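Secondary and tertiary structure notes
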Amino acid sequence: MSIESPCIKVCILDAASGLCRGCARTLSEIGVWASMQDAERRAIMAALPDRMRTAGFPAPTAPADPSTAT
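Please read all numbers here as calculations on a predicted model, not as lab measurements.

Quick word on the overall build of the protein
Within the protein one finds two helices and zero strands. The buried share of the protein, reckoned over its 70 residues, is 30%. Put simply, of all contacts in the protein between residues at least 6 apart along the chain, 56% involve residues at least 24 apart. Taken as a whole, the protein presents about 4500 Å² of accessible surface, with 61% of it coming from carbon and sulfur.

Describing the pattern of salt bridges
Applying the stated criterion across every chain, the model contains three salt bridges. With a shortest N-O distance of 2.6 Å, Glu29 and Arg51 are connected by a salt bridge. With Glu29 in helix H1 (residues 27–32) and Arg51 in helix H2 (residues 38–55), this residue pair connects regions lying 22 residues apart in the sequence. For Glu29, a relative accessible area of 12% translates into the label buried. For Asp50, the salt bridge goes to Arg53, with nearest N and O atoms at 2.3 Å. In this pair, Asp50 and Arg53 both sit in helix H2, three residues apart, roughly one turn of the helix. On the accessibility criterion, Asp50 (45% relative accessible area) is partly exposed. Since its relative accessible area comes to 57%, Arg53 is described here as exposed.

Thoughts on the side chain of Asp14
Within the secondary structure, Asp14 is located in the segment before H1. For Asp14, a relative accessible area of 17% puts it in the buried group. Of the polar contacts made by the side chain of Asp14, one reaches the side chain of Arg21; its length is 3.3 Å. Filtering out sequence-adjacent residues up to four positions away, Asp14 remains in contact with Leu19, Arg21 and Phe57.

Brief notes about the environment of Gly18
Residue placement: Gly18 occurs in the segment before H1. A relative accessible area of 35% means that Gly18 is categorised as partly exposed. Taking the C-alpha atoms as reference points, Gly18 and Ala55, separated by 37 residues in sequence, lie 9.6 Å from one another. The contact partners of Gly18, leaving out residues within four places of it in the chain, are Leu13, Arg25, Thr26 and Leu27.

Thresholds applied
Along each chain, residue indices are assigned from 1 in the same order as the chain's sequence is written. Given that the model is predicted, a residue must reach a pLDDT of at least 70 before its local features are reported, and side-chain atom pairs must reach 80 or more before they are shown or counted; all residues, however, enter totals for whole chains, interfaces and linings. Excluded from the side-chain calculations are hydrogens and water; all other atoms, namely the structure's heavy atoms, are used. In this description a helix means any DSSP run of H or I spanning at least four residues, a strand means any run of E spanning at least two, and both kinds are numbered starting from the N terminus. Accessibility here uses a 1.4 Å probe with only protein chains present; expressed as a share of the type maximum, an area under 20% marks a residue as buried, one over 50% as exposed, and anything in between as partly exposed. The criterion used for residue contact is that any of the two residues' heavy atoms lie within 4.5 Å. Each accessible area value is a Shrake-Rupley result obtained with a 1.4 Å probe; residue values ignore everything except the protein chains displayed when judging cover. Salt bridge, as used here: a side-chain nitrogen of Lys or Arg that lies within 4 Å of a carboxyl oxygen of Asp or Glu. N or O atoms closer than or at 3.5 Å make up a polar contact, with two conditions inside protein: a donor-capable atom paired with an acceptor-capable one, and, for residues adjacent in sequence, both atoms drawn from side chains.

Shown next, in the form of structure tokens:
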């Protein structure tokens, strides 16, 4: 089973942290997400809540539409 993207279509990179304000992934993680193995995706997904808290971003409020997320 493939891991869905954490993208919530709030694609704004934060200059201070280098993370997307919507999903807390780095630009490079976003760019290679589709070609990552599920284990790599799971590891990133597990780190995202801590990244959001550390960066001071609000928790995501809308789920991604898997058909259009990257």
